[in-house]
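# Descriptive analysis of the structure
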Amino acid sequence: LHQNRELGRGTKNCVHESMIPEWMDLVVWGHEHECLIEPVESVVGTFRITQPGSSVATSLTAGEAIRKHVGFLDVRGSQFRMTPVPLLQVRSFLLN
């Protein structure tokens, strides 16, 4: 899913987790910049969410200051596992 999450942006500028079909097991949220690679339970409780975030720092915010990761997703039948892999280098963010 490549769209804003509901994180205080207002009700019309995002996709609410309640809009996602219950039959989904995992949602990869690809629009947000903060790296939250470990899957977490959705607020509706019917699926899990991983948010890989941007692989580079894109702004001077607290969410961008944490270590960036990519993940290996292993799927076997209806089960899955995400293995986080920390990025050893990211492109620098320079401010003049």
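Nothing here was measured: the structure is a model prediction, and the numbers come from that model.

### Re the overall build of the protein chain
Across its full length, the protein chain carries one helix and five strands. Traced from its N-terminal end to its C-terminal end, the protein chain shows the element sequence β-β-β-α-β-β. Within the protein chain, the fraction of its 96 residues that count as buried is 25%. In the protein chain, of all internal contacts separated by at least 6 residues, the share reaching a separation of at least 24 is 40%.

### Examining the side chain of Gln51
You can see Gln51 is positioned in strand β3 (residues 48-51). Once you skip the residues sitting within four places of it in the chain, Gln51 turns out to touch Arg5, Trp29, Glu32, Glu34, Cys35, Leu36 and Ile37.

Reading the values: the criteria
Residues numbered from 1 in each chain as written. Predicted model: local features only at pLDDT ≥ 70, side-chain atom pairs only at ≥ 80, totals over all residues. Heavy atoms only, no water. Helix = DSSP H or I, 4+ residues; strand = E, 2+ residues; numbered from the N terminus. Buried < 20%, exposed > 50% of the residue type's maximum accessible area, 1.4 Å probe, protein only. Contact = heavy atoms within 4.5 Å.

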